[in-house]
Amino acid sequence: MPIIEESVFISRKPEDVFDYVNKAENLPAWDSSIVRAGQIGSDPVKLGTRARGTSKILGRNFDWTTEVTEFESPHRLAYKSVEGKLGFTLTNTFESADGGTRFTYHVDAASGLGGIFGRLGDPLVQKAQARTVRANLETLTEILTEHPRD
């Protein structure tokens, strides 16, 4: 199972980073692999909240639906895929650090991304996605530090 974990320091308090990251509609702004995303329903995000979207990985589009499995504002937010060809869990942690936030993005994906690329493709997919995640976290940092009201 490919695992990717990357962290970044953001000069914003954990509440600000948590509030921005937990809105599915913000995902395409900072995650270049997400083509579209949105929350299902309009209630505030909590355990069981679902989101739907499409990701593009190695040139292929994948539709997915996730469900919030952990919600500890403003410290931890986790999702698991509940529909779609991609099996994954995503855990975000938000730690106070040096007047800002240490944001950690951790994803566990099914081997071969559910058989789409096969197990032999795992190292290639993992390496490509790790680069994408690092770039995405840099984009998130820029958005939150250059636009402090978001």
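Look above for the structure.
Residues numbered from 1 in each chain as written. Predicted model: local features only at pLDDT ≥ 70, side-chain atom pairs only at ≥ 80, totals over all residues. Heavy atoms only, no water.

**Some thoughts on the pattern of salt bridges**
Heads up, the condition is: Whenever a carboxyl oxygen of Asp or Glu lies within 4 Å of a side-chain nitrogen of Lys or Arg, that contact is scored as a salt bridge. Here the term buried applies to any residue with accessible area under 20% of the maximum for its type, exposed to any over 50%, and partly exposed to those in between, with areas from a 1.4 Å probe on protein chains only. For helices the rule is a DSSP run of H or I covering at least 4 residues; for strands it is a run of E covering at least 2, with both sets numbered from the N terminus onward.
Scanning all chains against the criterion turns up six salt bridges. Two residues, Arg-12 and Asp-16, come together in a salt bridge whose shortest N-O distance is 3.3 Å. Overall, the relative accessible area of 22% leaves Asp-16 in the partly exposed class. Put simply, Arg-36 and Asp-63 hold a salt bridge, and the shortest N to O gap is 3.9 Å. Placement of the pair is Arg-36 in strand β2 (residues 34-40) and Asp-63 in strand β4 (residues 60-72), with a sequence separation of 27 residues. Bridged by salt links that share partners, the residues Arg-50, Glu-67 and Glu-83 form one connected network.

**Observations regarding empty space enclosed by the protein**
This is how the line gets drawn: As defined here, a cavity is a set of points on a 1 Å grid over the protein atoms alone where a 1.4 Å probe fits but cannot get out. A pocket is an open set with protein on both sides within 12 Å along at least five of seven lines, and residues line them when an atom is within 4 Å of a point. Grid points are joined across faces, edges and corners, and a volume is the space filled by probe spheres set on the points. Side-chain classes follow a simple rule in which Ala, Val, Leu, Ile, Met, Phe, Trp, Tyr, Cys and Pro form the nonpolar group, Asp, Glu, Lys and Arg form the charged group, and the remainder, Gly included, forms the polar group.
Scanning the entire structure with this criterion turns up one cavity of 30 Å³ or more. One number sums up the size of the largest cavity: a volume of about 560 Å³. Lining the largest cavity are 35 residues, and of these Ile-34, Phe-88, Leu-90, Tyr-105 and Val-107 lie nearest its centre. Of all the secondary structure elements, the ones that give two or more residues to the lining of the largest cavity are α2 (27-30), β2, β3 (50-57), β4, β5 (76-84), β6 (88-97), β7 (100-109) and α4 (122-146). With five residues, α4 is the largest single contributor of residues to the lining of the largest cavity. Considering only residue class, the lining of the largest cavity consists of 23 nonpolar, ten polar and two charged.

**What to know about the sheet that holds β2**
Put simply, the rule reads: Two strands are said to pair when DSSP picks up at least two bridges between them. Here the axes come from fitting lines to C-alpha atoms, over the contacting stretch only for helices, and the angles between their N-to-C directions go from 0 to 180 degrees. Residues count as neighbours in contact if any of their non-hydrogen atoms are within 4.5 Å of one another.
Read across the sheet, seven strands follow the order β1-β7-β6-β5-β4-β3-β2 without closing on themselves; strand pairing throughout is antiparallel. Two strands in the sheet have a free side with no partner beyond their single neighbour: β1 (3-10) and β2. Taking the axes of each pair of neighbouring strands and ignoring which way they run, one obtains an average angle of 20° across the sheet. As defined by bridge partners, β5 adjoins β6 across five bridges and the pair is classed as antiparallel. Note that in β6 the partner of Ala-78 across the bridge is Thr-91. Contacts between helix α1 (residues 14-21) and the sheet are confined to β1, β4, β5, β6 and β7, with β6 contributing the most and set at about 160° to the helix.

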